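The lines below spell out each chain.
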Amino acid sequence: MTKTALCTALICISAYLSFPLPLTPIPVTAQTIAINITAILLTPAQTAAALGVYLLLGFCGIPVFSGGTAGFSQLLSPTGGFLIGFFVAAVLISLLKGKKNNPLRHCLICIFVGIPAVDLFGALFMCLIHHYSPLAALSGAILPFLFGDVLKAIGGALIGTSVNRLLAIRK
């Protein structure tokens, strides 16, 4: 329970590490790192709980979303799909990471499962709710972030793997 609560807190804090990019309504945040760390450290059920609590806190008005925003209206903002994508991606990563603490596997899962899941929901929401064309969603909400997302996925996977290794030593 402690690890789950700490991961929820990490996700909340990481949302404050954000800055805007020109020509896109989506900010760069440290949330990708925190989501990947959470998924690597926790079981799928614990991961779902950590992300569920994070979303619930934000939807109830506690400013834990990017840039200190909050409220259910954020689900309808340009970043709303990414919030749902974080949940889906983290649970998928946690389900697929395997039983062994394998840094290469963790990196590959975070890159090839996590990033596409987040981006799919982000782009889908932008197209359906904000009436972006698929090309506009791709060029404004996915492509400018792709290189950084890969770096953050690798960083999060390696941090999560290292923490798992340290926790195994302490047992």
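Residues numbered from 1 in each chain as written. Predicted model: local features only at pLDDT ≥ 70, side-chain atom pairs only at ≥ 80, totals over all residues. Heavy atoms only, no water.

Secondary structure assignment for the chain yields seven helices and two strands. Along its sequence from the N terminus, the chain presents helices and strands in the succession α-β-β-α-α-α-α-α-α. Scaling as 2.2 N^0.38, a compact globule of 171 residues should have a C-alpha radius of gyration of about 16 Å, and the chain matches this with 15 Å. On the principal axes, the C-alpha backbone points of the chain span a range of 50 × 30 × 25 Å. Taken across its 171 residues, the chain has 44% of its residues classed as buried. In the chain, the proportion of contacts linking residues at least 24 apart, taken out of those at least 6 apart, comes to 69%. (Helix = DSSP H or I, 4+ residues; strand = E, 2+ residues; numbered from the N terminus. Rg over C-alpha atoms; globule rule 2.2 N^0.38 Å. Buried < 20%, exposed > 50% of the residue type's maximum accessible area, 1.4 Å probe, protein only. Contact = heavy atoms within 4.5 Å.)

Counting 35 residues, the largest nonpolar core has Leu 51 and Tyr 54 as its most contacted members. At the level of secondary structure, the elements contributing two or more residues to this core comprise helix 1 (2-14), helix 2 (31-41), helix 3 (44-59), helix 4 (80-96), helix 5 (103-130), helix 6 (134-142) and helix 7 (146-170). Per-element tally for this core: the top contributor is helix 5, with nine residues. Not counting chain neighbours up to four residues away, the residues in contact with Tyr 54 comprise Thr 8, Ile 11, Cys 12, Ala 15, Gln 31, Val 64, Phe 65 and Leu 83. (Core = buried A, V, L, I, M, F, W, Y, C linked by side-chain atoms within 4.5 Å.)

You can see Thr 79 is positioned in the loop between helix 3 and helix 4. Those residues within four positions of Thr 79 in sequence are excluded, and the remaining contacts are Pro 25, Ile 26, Pro 27, Ser 66 and Gln 74.

As a further point, take the UniProt feature "transmembrane region" (unreviewed entry) in the chain. The sites that carry the UniProt feature "transmembrane region" (unreviewed entry) are, in the present numbering, residues 49-69, 75-96, 108-132 and 138-161. Annotation note: span residues 49-69, helix share 52%, strand share 0%, distance between end C-alpha atoms 21 Å. (UniProt positions renumbered as here; feature names shortened; annotations may be inferred.)

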